[in-house]
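The primary structure of each chain is shown beneath.
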Amino acid sequence: MGAITESNIDIDFAGVNVAPPADLDLRPDRLEFGRVTAPLWFRAWYRKGEWERGKIEPWSTINLHPAAIVLHYAQEIFEGLKAYKMPDGSVALFRPEMNAKRMNHTAARMAMPELPEHLFIDGIRALVDCQRKWIPDPPGSLYIRPTMIGTEPCIGVRASSEYLFYVIVLPSGSYFPQVPSGKTGTVRVFVSETVGRAARGGTGDAKAGANYSVTLQVIGMAKKKGCAQVMFLDSHGERTVEEMGGMNVFFLRGDTLVTPPLTGTLLAGITRDSILKLAPTLGIKVREEQINWDELLAGVKSGAVSEAFACGTAAVITGIESFVLENGGEAKVGDGQCGPVTHKLFDALRNIQYGLAKDPFGWVVPV
Ligand SMILES: Cc1ncc(COP(=O)(O)O)c(C=O)c1O
């Protein structure tokens, strides 16, 4: 990846103190995920059919017309990636080009303009570079949230002609408060058999905000049952496993790791893809296949399915302790602790992300 092409980015925060405040505790275990936003953003406007120059500056609240299309027809899409501190003090991103491509896949689905990949990646690299002091030490990281919204004021149901793309960054530790940073804990997962997340031909494989709002009701219900996440089945009654509200999912059945294929109704997770590539190099067999929930549950109960984990940029790899069912039942996975295969993958992935192991795939991109 070449040098940052600053020719299309303005940087202007002269006179602004962008260091973290002295009273902010940046130790990963003290940070609530997604709560603290660093002071600068990268933003670019799309107007009159083209992207204008991008700018790094102190972020501000966004003035939107009450008729802005994003507020009515949910033209909002986003991405999520992280910057990591390397052992030599340098900073790196993990597979950012995958996020750039996925953002454009989502943009196309939501009738939003394509964003040049260099604007996405150079903007992020420059933004992280300007805010290095905000990156927590390992096992923490800087969570990066690129976002695009349709801002044109118009109540007609159509795509906006004007867009704001922006990136904010947030120092982060563990995604799940009950899992310490840098460790693989386990969480209880609610299985949503009746509430669906994505329909065939819908937007399940797009990272659009609308996909998340439809999960909030059942996530709220799951939390009341002591579950940290919800696992969704397909919405057409075949009872196949798809993914979680914000993560993909893997199961260890016998000696093989299995995960649902990308059928268009689930997000093509970059962590998922990394695990599919990494597992064989660790001697772990892995396969994408349709997974029937009832068969899987029988396997969990018999012990044939001995491990299960969720994976994503925010959650990294988090073991599943048990599945909580709509009928009130609960099926523990193995002994409810993080299993050896989950551990092995977690360590291997994190060691690459934090520069502690060789990166044979070329996934780590210096800032
Ligand atoms: C619905 C959904 N599935 C899966 C993932 C995992 O994707 P990734 O590994 O690229 O973070 C995410 C998080 O981005 C997500 O929101």
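Keep in mind that this is a model prediction, so the values were computed, not measured.

> Residue-level account of the overall build of the protein chain, with values.
A tally of helices and strands in the protein chain yields eight helices and 19 strands. Taken against the 2.2 N^0.38 rule, which gives 21 Å for 367 residues, the C-alpha radius of gyration of the protein chain at 21 Å falls within 12% of a compact globule. Overall size of the protein chain, expressed as C-alpha extent along the three principal axes, is 60 × 55 × 35 Å. A buried classification covers 44% of the 367 residues belonging to the protein chain. Within the protein chain, counting contacts between residues at least 6 apart in sequence, those at least 24 apart form 72% of the total.

> So, the nonpolar core: which residues are in play, and what are the values?
Residues I124, L127, I144, V189 and F250 are the most contacted members of the largest nonpolar core, which totals 92 residues. With six residues, the single largest contributor to this core is helix 3 (residues 117-130). When we break this core down by domain, the ones giving at least three residues each are domain 1 (6-173) and domain 2 (186-356). Residue contacts for I144: discarding those within four places in its chain leaves L81, K82, A83, I124, V128, V167 and V169.

> Kindly report on the site of the ligand, identifying the contributing residues and their values.
Residues in contact with the ligand, as listed here, are G80, E243, G246, M247, N248, L267, G269, I270, T271, R272, G312 and T313. With three residues, the single largest contributor to the shell around the ligand is helix 6 (residues 270-281). For the shell around the ligand, a count of residues per class yields three nonpolar, seven polar and two charged.

> Lay out the domain arrangement of the protein chain with the relevant residues and their values.
Partitioning the protein chain into domains gives domain 1 (6-173) and domain 2 (186-356). Between domain 1 and domain 2, the residue contacts involve 24 residues of the former and 14 residues of the latter. Broken down by element, the side of domain 1 that touches domain 2 gets its largest block of residues, six residues, from helix 2 (residues 96-109). Here the side of domain 1 that touches domain 2 is built from residues that sort into 14 nonpolar, four polar and six charged.

> How would you sum up the pairing of strand 6 (residues 81-85)? Please name residues and give values.
Among the five residues of strand 6, five are classified as buried, and the element is accordingly described as predominantly covered. Burial of the side chains of strand 6 extends over both faces: L81, A83 and K85 are buried on one face and K82 and Y84 on the other. As paired strands, strand 6 and strand 8 (residues 141-150) are joined by three bridges and run antiparallel to one another. Opposite L81, over in strand 8, you have I144 as the bridge partner. The turn joining strand 6 and strand 7 (residues 91-94), which pair antiparallel and follow one another in sequence, is formed by five residues; a positive phi near 90° is taken by G89.

> So, the packing of helix 6 against helix 8 (residues 340-353): which residues are in play, and what are the values?
Contact geometry for helix 6 and helix 8: axes closest at 11 Å, N-to-C directions at 105°. Classified by the interaxial angle, the pair formed by helix 6 and helix 8 is roughly perpendicular. For the pair formed by helix 6 and helix 8, the contact residues are S274, I275, L278 and A279 on the first element and L345, A348 and L349 on the second.

> Can you explain helix 7 (residues 293-302)? Please cite residues and give values.
Buried within helix 7 are the following residues: L296, G299 and V300. Seen along its axis, helix 7 keeps its buried residues to an arc of 100°; they face one direction. Turned more than 90 degrees from where helix 7 packs its buried face, D294 and S302 sit exposed. On the buried face of helix 7, the contacting elements are strand 12 (241-244), strand 13 (248-253), strand 16 (305-312), strand 17 (316-324) and strand 18 (330-332).

> With reference to specific residues and values, describe unusual backbone geometry.
Look at the link from P138 to P139: it is a cis peptide, with omega at 10°. Looking at the element boundaries, P139 is found in the loop between helix 3 and strand 8. A positive phi is found at R239, a non-glycine position, where the angle reads about 60°. Relative to the assigned elements, R239 resides in the loop between strand 11 (229-233) and strand 12. Despite not being glycine, V316 has its phi angle at roughly 55°, a positive value. Structurally, the position occupied by V316 is in strand 17.

> Which residues make up the environment of H105, and what are the values?
Along the chain, the position of H105 falls in helix 2. For the pair formed by H105 and F13, sequence separation is 92 residues and the distance between their alpha carbons is 32 Å.

> Quick one: what's the story with the environment of T147, residue by residue and with numbers?
Its location among the elements puts T147 in strand 8. With 104 residues separating them along the chain, T147 and R43 place their C-alpha atoms 9.3 Å apart. Ignoring anything within four residues of it in the chain, the contact list for T147 reads F78 and Y166.

Calculation notes
Residues numbered from 1 in each chain as written. Predicted model: local features only at pLDDT ≥ 70, side-chain atom pairs only at ≥ 80, totals over all residues. Helix = DSSP H or I, 4+ residues; strand = E, 2+ residues; numbered from the N terminus. Rg over C-alpha atoms; globule rule 2.2 N^0.38 Å. Buried ≥ 20, exposed ≤ 12 C-beta atoms within 10 Å, placed from the backbone. Contact = placed C-beta atoms within 7 Å. Core = buried A, V, L, I, M, F, W, Y, C linked by C-beta atoms within 7 Å. Domains from an automatic or database assignment. Near = placed C-beta within 6 Å. Nonpolar A, V, L, I, M, F, W, Y, C, P; charged D, E, K, R; others polar. Pairing = 2+ DSSP bridges. Axes fitted to C-alpha atoms, helices over the stretch in contact; angles between N-to-C directions. Parallel < 35°, antiparallel > 145°, perpendicular 65-115°, else oblique. Arc of directions from axis to C-beta.

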